[in-house]
Amino acid sequence: MATATGVLRRDAIKESVFVWEGRDRTGKKIKGEMRAGGEAVVNATLRRQGINVTKVRKQRLGGGKRVSEKDVALFTRQMATMMKAGVPLLQAFDIVGKGHSNPKVTKLLMDIKADVETGSSLAAAFRKHPLHFDALYCNLVQAGEQAGILENLLDRLATYKEKILAIKSKIKAALFYPIAVIVVAFVITAVIMIFVIPAFKGVFKSFGADLPAPTLVVIGISDTFVEYWYLIFGVIIGGLYGFFELWKRSQAVQIYMDRLMLKMPVFGEIVRKSVIARWTRTLSTMFAAGVPLVEALDSVGGASGNYVYMLATKQIQQEVSTGTSLTASMQNANVFPNMVVQMAAIGEESGSLDGMLSKVADFYEQEVDDAVEALSSLMEPIIMVVLGVLIGGMVVAMYLPIFKLGSVV
């Protein structure tokens with residue numbers, strides 16, 4: 001009955017953050033913030049403290065950017081640091097939440113703090129916000145609470161989030177440069193086709209001579225751009241938007257793209273190494289936290305970020321649950337390099353599986369670093385050659401009639 005009353009009270013009175021101004025007993029002007037159920041509660045509380053309230057307003061927390069993975073990683077690191085320093089949990093939430101520049105992060109943390117204040121466990125409070133705290137995060141926090149080592153688990157979790165973010169940023173960096181150059185090249189080509197080449201076409205008409213084949217081809221493409229530019233841009237932009245929306249919403253498209261990305265030349269190897277790094281890092285973190293292997297594998301597949309490895313993880317989980325060793329199950333999945341399987345075997349035999357998987361993750365993270373650096377060095381000359389051929393070809397095609405005219409003169 002008491003629990004039901006507590007829940008009812010919590011639902012009935014939704015607390016908000018209020019900013020207040022007033023004067024103390026000496027007449028000194030002071031201001032501050034308070035979380036309460038309404039302005040009347042703020043006024044009553046401050047009067048009991050001997051403060052003459054002059055202004056109270058509800059703080060707006062709706063603005064700001066969305067809560068990103070980087071915000072969650074930073075919050076986890078700050079909480080781990082403060083709890084290791086002996087700062088109480090609720091006070092740590094106050095310090096991190098009120099000190100954040102993003103109002104949405106502040107609101108999220110204050111909501112979690114309110115849940116914890118009413119008797120909810122930290123893991124249960126996190127589970128109410130699945131968009132920001134996934135099952136892996138909540139499971140590790142729960143394991144830390146049950147074992148009484150929450151600050152150590154938060155530290156491990158912060159390290160895990162930071163390393164995963166680093167891997168993602170490296171993959172994005174590897175893909176961003178060529179995509180950005182392709183977009184810029186297309187825009188420049190379109191501008192030349194729509195505005196520059198028609199001017200040359202008017203000049204060439206006054207020559208009254210036959211134009212070279214390359215010039216005729218470029219002028220034909222330019223005429224198409226001038227006449228149907230809105231359709232060309234509309235189809236490209238609409239097609240890209242539709243494709244990415246379909247990728248986001250359709251599981252079949254996600255599966256196909258995940259498989260395709262692993263088979264892509266050059267980029268596929270980088271994606272595979274990053275997925276293996278995330279897979280081994282996740283399993284290492286959960287196993288070190290004391291989460292049972294079969295239960296840990298539930299979160300590992302989703303954290304890998306690739307459907308091929310998610311299916312392989314489900315197969316591994318089924319085999320492990322029936323008594324097969326992790327090493328044999330990984331070998332049967334046929335998606336892990338021999339080195340990963342051998343390191344897992346050594347870890348199982350020596351009883352240090354988490355340490356071995358962590359070393360594998362370190363190795364593959366370094367491999368991704370080196371591969372991205374090598375790819376960046378390789379892409380620069382290739383892109384320069386492609387742009388040179390594209391732009392240079394158009395320039396030469398436009399100047400061929402002028403060269404021909406000069407030779408006749």
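Here is a short report on the structure shown in this document.

Rules used in this analysis
- In this convention, every chain numbers its residues from 1, walking through the sequence in written order.
- This being a predicted model, a pLDDT of at least 70 is required before a residue's local features are given, and a value of 80 or more before pairs of side-chain atoms are given or counted; all residues contribute to the totals for chains, interfaces and linings.
- Hydrogens are left out, water is left out, and the side-chain values use all remaining heavy atoms of the structure.
- Under the scheme used here, helices are H or I runs from DSSP no shorter than 4 residues and strands are E runs no shorter than 2 residues, and both carry numbers assigned from the N terminus.
- We compute the radius of gyration from the C-alpha atoms alone; for a globule the expected value is 2.2 Å times N to the 0.38, where N is the number of residues.
- In this scheme, a residue with accessible area under 20% of its type's maximum is buried, one over 50% is exposed, and one in between is partly exposed, where area comes from a 1.4 Å probe on protein chains only.
- In what follows, residue pairs with any heavy atoms lying within 4.5 Å of each other are defined as contacts.
- For every accessible area listed, the method is Shrake-Rupley and the probe measures 1.4 Å; residues are considered covered only by the protein chains on display.
- Only four residue types enter the charge count: Lys and Arg as positive, Asp and Glu as negative, with His and the chain ends excluded.
- For this purpose, a charge sits on NZ of Lys, CZ of Arg, CG of Asp or CD of Glu.
- Lines are fitted to the C-alpha atoms to define the axes, a helix being fitted only along its stretch in contact, and any angle between axes, read from their N-to-C directions, falls within 0 to 180 degrees.
- Reported orientations rely on four angle classes, namely roughly parallel under 35 degrees, roughly antiparallel over 145, roughly perpendicular from 65 to 115, and oblique for the rest.
- Throughout, a crossing is termed right-handed when the near helix is turned clockwise from the far one, and left-handed when it is turned anticlockwise from it by less than a right angle.
- Classes in brief: Ala, Val, Leu, Ile, Met, Phe, Trp, Tyr, Cys and Pro nonpolar; Asp, Glu, Lys and Arg charged; the others, Gly included, polar.
- Polar contacts here mean pairs of N or O atoms no more than 3.5 Å apart (in protein, one a potential hydrogen donor and the other a potential acceptor; neighbouring residues in sequence count only if both atoms are side-chain atoms).
- Residues enter patches when they are more than 30% accessible in relative terms and free of salt bridges; like-charged ones are connected within 9 Å and nonpolar ones (Val, Leu, Ile, Met, Phe, Trp, Tyr) within 5 Å.
- A pairing counts as a salt bridge when a side-chain nitrogen of Lys or Arg comes within 4 Å of a carboxyl oxygen of Asp or Glu.
- Only centres within 6.5 Å qualify two rings of Phe, Tyr or Trp (six-membered ring in Trp) as a pair; their planes then separate them into stacked at under 30 degrees, edge-to-face at over 60, and tilted for everything else.
- Note that the arc is computed from the directions linking the helix axis to the C-beta atoms.

**Describing the overall build of the chain**
Point 1. The number of helices and strands found in the chain is 16 helices and three strands.
Point 2. In terms of C-alpha radius of gyration, the chain reaches 30 Å, well past the compact-globule figure of 22 Å for 409 residues.
Point 3. Expressed along its principal axes, the backbone C-alpha trace of the chain runs to roughly 100 × 70 × 35 Å.
Point 4. When each of the 409 residues of the chain is scored for burial, the buried share is 38%.
Point 5. Nonlocal contacts in the chain, meaning residues at least 24 apart in sequence, comprise 60% of its contacts between residues at least 6 apart.
Point 6. If you sum the accessible surface of the chain, you get close to 22900 Å²; carbon and sulfur atoms cover 61% of it.
Point 7. Side chains of the chain carry 45 positive and 36 negative charges; the gap between the two charge centres is 9 Å.

**Looking at the packing of helix α14 (residues 326-333) against helix α15 (residues 338-350)**
Point 1. Orientation of α14 relative to α15, taken along the N-to-C sense of each, is 165 degrees, at an axis distance of 8 Å. One way to sum up the angle between α14 and α15 is to call them roughly antiparallel. α15 is crossed by α14, and the crossing has right-handed handedness. Taken together, the residues of α15 that come into contact with α14 (itself represented by Leu326, Thr327, Met330 and Gln331) are Val340, Val341, Ala344, Ala345 and Glu348.
Point 2. Of the residues belonging to the contact of α14 with α15, the class tally is six nonpolar, two polar and one charged.

**Brief notes about the side chain of Glu245**
Point 1. With respect to the helices and strands, Glu245 occurs in helix α9 (residues 213-249).
Point 2. A polar contact is formed between the side chain of Glu245 and the side chain of Arg249, at a distance of 2.9 Å.

**Considerations on a positive patch on the surface**
Point 1. Taken together, Arg23, Lys29, Lys31, Lys55 and Arg57 make up a surface patch of like positive charges.
Point 2. When residues of the positive patch are traced back to their parent elements, those giving at least two are β2 (29-36) and β3 (52-58).
Point 3. Summarising the element assignment, Lys55 is placed in strand β3.

**What to know about unusual backbone geometry**
Point 1. A positive phi angle is found at Asn334, which is not glycine, with a value near 60 degrees.
Point 2. Looking at where Asn334 falls in the secondary structure, it is placed in the loop between α14 and α15.

**Some details on the pattern of salt bridges**
Point 1. One pass over the structure, following the stated rule, counts 12 salt bridges.
Point 2. Between Asp223 and Lys201 there is a salt bridge, with its nearest N and O atoms 3.1 Å apart. One end of the pair, Asp223, is in helix α9; the other, Lys201, is in helix α8 (residues 150-205), and 22 residues separate them in sequence.
Point 3. Overall, the relative accessible area of 26% leaves Lys201 in the partly exposed class.
Point 4. Close ionic contact of Arg281 with Asp362 constitutes a salt bridge, the shortest N to O distance being 2.5 Å.

**Observations regarding the packing of aromatic side chains**
Point 1. Within the structure shown, the criterion is met by 15 aromatic pairs.
Point 2. Summarising the aromatic geometry, the rings of Phe126 and Phe133 are spaced 4.4 Å apart at their centres and angled 40 degrees between planes, so their arrangement reads as tilted.
Point 3. Look at Phe133 and you get buried, because its relative accessible area is 2%.
Point 4. Ring plane angle 85 degrees and centroid distance 5.3 Å describe the contact between Phe126 and Tyr137, whose orientation is recorded as edge-to-face. Of the two residues, Phe126 is situated in helix α6 (residues 122-127) and Tyr137 in helix α7 (residues 135-147); the sequence distance between them amounts to 11 residues.
Point 5. For Phe126, a relative accessible area of 1% puts it in the buried group.
Point 6. Each member of the aromatic cluster is reached from another via a ring pair, and the members are Phe75, Phe93, Phe126, Phe133 and Tyr137.

**Here's the deal with helix α2 (residues 39-48)**
Point 1. Among all positions of α2, only Val42, Thr45 and Leu46 are buried. For α2, the angular spread of the buried residues around the axis is 95 degrees, confining them to a single face. Residues of α2 that are exposed and point more than 90 degrees away from the buried face comprise Ala40, Arg47 and Arg48.
Point 2. Of the residues flanking the end of α2, it is Gly50, one or two places downstream, whose phi is positive at about 80 degrees.

**So, the environment of Arg47**
Point 1. Tracing the backbone shows Arg47 in helix α2.
Point 2. By relative accessible area, Arg47 is classed as exposed at 57%.

**Quick look at the environment of Glu365**
Point 1. Summarising the element assignment, Glu365 is placed in helix α16 (residues 353-408).
Point 2. Each C-alpha atom, one on Glu365 and one on Gly38, is 50 Å from the other, the two residues being 327 residues apart in sequence.
Point 3. With sequence-adjacent residues up to four places away left out, Glu365 is seen in contact with Lys163, Ile167, Ala277 and Arg281.

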